[in-house]
Amino acid sequence: MDYLEFKIKCLEQFREILIAELSMIGFDSFLENEEGIDAYTLESDFDRVAFDEVIAQYKVDAQITLEEGVMPKVNWNEEWEKNYDPIEVDDLVYVRASFHPSVPGFKHEIVINPKMSFGTGHHATTFQMLRHQGEIDHQGKRVLDVGSGTGILAIMAHLLGASQVEAFDIDDWCVDNGNENFDLNGLTTRMNLGTIREVRPQGEFDIVLANINKNILLDEMAIYTGLLKEKGFLLLSGFYTEDIEDLNNCAKPLGLELISQQSKDNWAALILQKKI
């Protein structure tokens, strides 16, 4: 599948807002530049109506102009080298690309060479998921990473001592990139292709990780719960702080109890535990 490319010129203070809004309607990769942002989404995921609504909402205030195009999949390492800086999640983990040197003082290090995959640690949702993972005992645990993207959360689970890690994504490009990143970080597991209903992972898992978006999380919450062991943990992100109540209302009837929550740049992340 090809990616659609949108070169959006806008005022600087609106860049993060537009990235957040477009992330919620299926865009999964962004590059910031001096004039605004370049936004990318799979052609199959593009929602023209939702996109036009976002642009119309901010067009005047953000002084938006845009160009649209289609681009085939390419190796994005060169572009990421220009724009990708290492990420520090407290003293827990240092996330870098292979062209960056190691830095001492962190418990763990992850090497990620992202192409068109989501999950570099830069986005608030990934950052918070990594932080939440550091709060959960992974030693000897069985972990499932739903919508794995670059594979960064699966890699974190491995580094934290998980005995088995399974991961999958709906995009074959992410799967290829994720498996390359698995190799860089010493994982022998392979990322699978498909939705959770297509991949049909076999439970029970001690920990399920899902950093996707609100609608998918609500739709698949019962499946995640069914794959969890009793007292197992479900870590969620990919939604705004104002969506926490909706997620929690969906989780409670399934026997999931909210254990912890955090927010960053208006993006939220939850830790839920299966009580029954």
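Our subject in this report is the structure included herewith.

**Focus on the overall build of the protein**
If you tally the helices and strands in the protein, you get nine helices and 14 strands. Against the globule reference of 19 Å for 276 residues, the protein gives a C-alpha radius of gyration of 18 Å, in line with a compact fold. On the principal axes, the C-alpha backbone points of the protein span a range of 50 × 45 × 35 Å. Each of the 276 residues in the protein was classed as buried or not, and the buried ones make up 53%. Of the contacts made within the protein by residues no fewer than 6 positions apart, 64% connect residues no fewer than 24 positions apart. Side-chain charges of the protein comprise 23 positive and 48 negative groups, with the mean position of each set lying 6 Å from the other.

**Comments concerning the packing of aromatic side chains**
All chains considered together, the criterion is met by nine aromatic pairs. Ring centres 6.2 Å apart and planes at 65° place the aromatic pair Phe14 and Tyr58 in the edge-to-face group. Residue Phe14 is located in the loop between β1 (3–9) and α1 (15–23), and its partner Tyr58 is located in helix α2 (residues 48–58); the two are separated by 44 residues in the primary sequence. Look at Phe14 and you get buried, because its relative accessible area is 14%. For Tyr58, a relative accessible area of 12% puts it in the buried group.

**Overview of the layout of surface pockets**
A volume near 920 Å³ is recorded for the largest pocket. Around the largest pocket, the lining is made up of 37 residues, and of these Gly26, Ile170, Ile212, Asn213 and Ile216 lie nearest the centre. When residues of the lining of the largest pocket are traced back to their parent elements, those giving at least two are α4 (124–133), β8 (142–146), α5 (152–159), β9 (164–169) and α8 (214–227). Per element, the largest residue contribution to the lining of the largest pocket is four residues, and it comes from α8.

**A word on the sheet that holds strand β10 (residues 192–193)**
With mixed pairing, the seven strands of this open sheet are ordered in space as β10-β9-β8-β11-β12-β14-β13. Of all the strands in the sheet, the pair left with one neighbour each is β10 and β13 (256–264). Pairing between β8 and strand β11 (residues 205–211): four bridges, direction parallel. Counted as the bridge partner of Val146 is Ala210 from β11.

**Regarding the sheet that holds strand β2 (residues 29–32)**
On the basis of which strands lie adjacent, the open sheet formed by four strands has the order β2-β3-β1-β4 and antiparallel pairing. The open sheet terminates on both sides in strands that have one partner only, identified here as β2 and β4 (65–71). Looking at each pair of strands side by side, their axes are set apart by 15° on average, direction ignored. In terms of strand pairing, β1 meets β4 through seven bridges, oriented antiparallel.

**Here's the deal with the nonpolar core**
When a protein is soluble and globular, its nonpolar side chains tend to lie buried together. If you look at the biggest cluster of nonpolar residues, it comprises 30 residues, and the most contacted ones within it are Val95, Ile110 and Leu130. Counting residues per element, this core draws most heavily on α5, at six residues. Counting residues in each nonpolar core, the second largest holds 22 residues, with Val146, Ala210, Leu227 and Ala251 among its members.

**Describing the packing of α8 against helix α9 (residues 244–251)**
Packing of α8 against α9 brings their axes to within 10 Å, and their N-to-C directions diverge by 10°. Considered as vectors, α8 and α9 are oriented roughly parallel to each other. Side by side, α8 and α9 meet where Lys214, Leu217, Leu218 and Met221 of the first sit next to Asp246, Leu247, Cys250 and Ala251 of the second.

**Here's the deal with the packing of α4 against α5**
What describes two packed helices is the angle between their axes and the distance between those same axes. The geometry of α4 relative to α5 is characterised by a closest axis approach of 10 Å and an angle of 15° between their N-to-C directions. Judged by the inter-axis angle, α4 sits roughly parallel to α5. Seen from above, α4 lies across α5 with right-handed handedness. Across the interface between the two elements, Thr126, Met129, Leu130 and Gln133 from α4 touch Ile152, Leu153, Met156 and Ala157 from α5.

Each value, and the rule that gives it
Residue numbers restart at each chain and count upward from 1, following the sequence in its written direction. Predicted model: local features are reported for residues with pLDDT of at least 70 only, side-chain atom pairs are reported and counted for 80 or more only, and whole-chain, interface and lining totals are derived from all residues. Heavy atoms from the whole structure form the basis of all side-chain values; hydrogens and water molecules are not counted. The secondary structure listing takes helices from DSSP runs of H or I that are at least 4 residues long and strands from runs of E that are at least 2 residues long, numbered from the N terminus. With the radius of gyration taken over C-alpha atoms, the globule rule is written as 2.2 Å times the number of residues to the power 0.38. Buried residues are those whose accessible area, probed at 1.4 Å on protein chains only, stays under 20% of the maximum for their type, while exposed residues exceed 50% and partly exposed ones sit between those limits. Contacts: residue pairs with any heavy atoms within 4.5 Å of one another. Residues scored as positive are Lys and Arg, those scored as negative are Asp and Glu, and His as well as the terminal groups of each chain are ignored. Think of each charge as sitting on NZ of Lys, CZ of Arg, CG of Asp or CD of Glu. Working definition: a ring pair exists when centres of Phe, Tyr or Trp rings (six-membered ring for Trp) sit within 6.5 Å. Plane angles under 30 degrees give stacked, over 60 give edge-to-face, the rest tilted. Think of a 1 Å grid over the protein atoms and nothing else: a 1.4 Å probe that fits but is trapped marks a cavity, an open set flanked by protein within 12 Å on at least five of seven lines marks a pocket, and residues with an atom within 4 Å of a point count as lining. Grid points are joined across faces, edges and corners, and a volume is the space filled by probe spheres set on the points. The pairing criterion is simple: DSSP has to find at least two bridges between the two strands. Axis geometry follows a simple rule: fit a line to the C-alpha atoms, using only the stretch in contact for helices, then measure angles between N-to-C directions, giving values from 0 to 180 degrees. Among buried residues, those of type Ala, Val, Leu, Ile, Met, Phe, Trp, Tyr and Cys that are joined through side-chain atoms within 4.5 Å constitute a nonpolar core. For classification, angles of less than 35 degrees are called roughly parallel, those exceeding 145 degrees roughly antiparallel, those between 65 and 115 degrees roughly perpendicular, and all remaining angles oblique. In this scheme the crossing of two helices becomes right-handed for a clockwise turn of the near helix relative to the far one and left-handed for an anticlockwise turn of less than a right angle.

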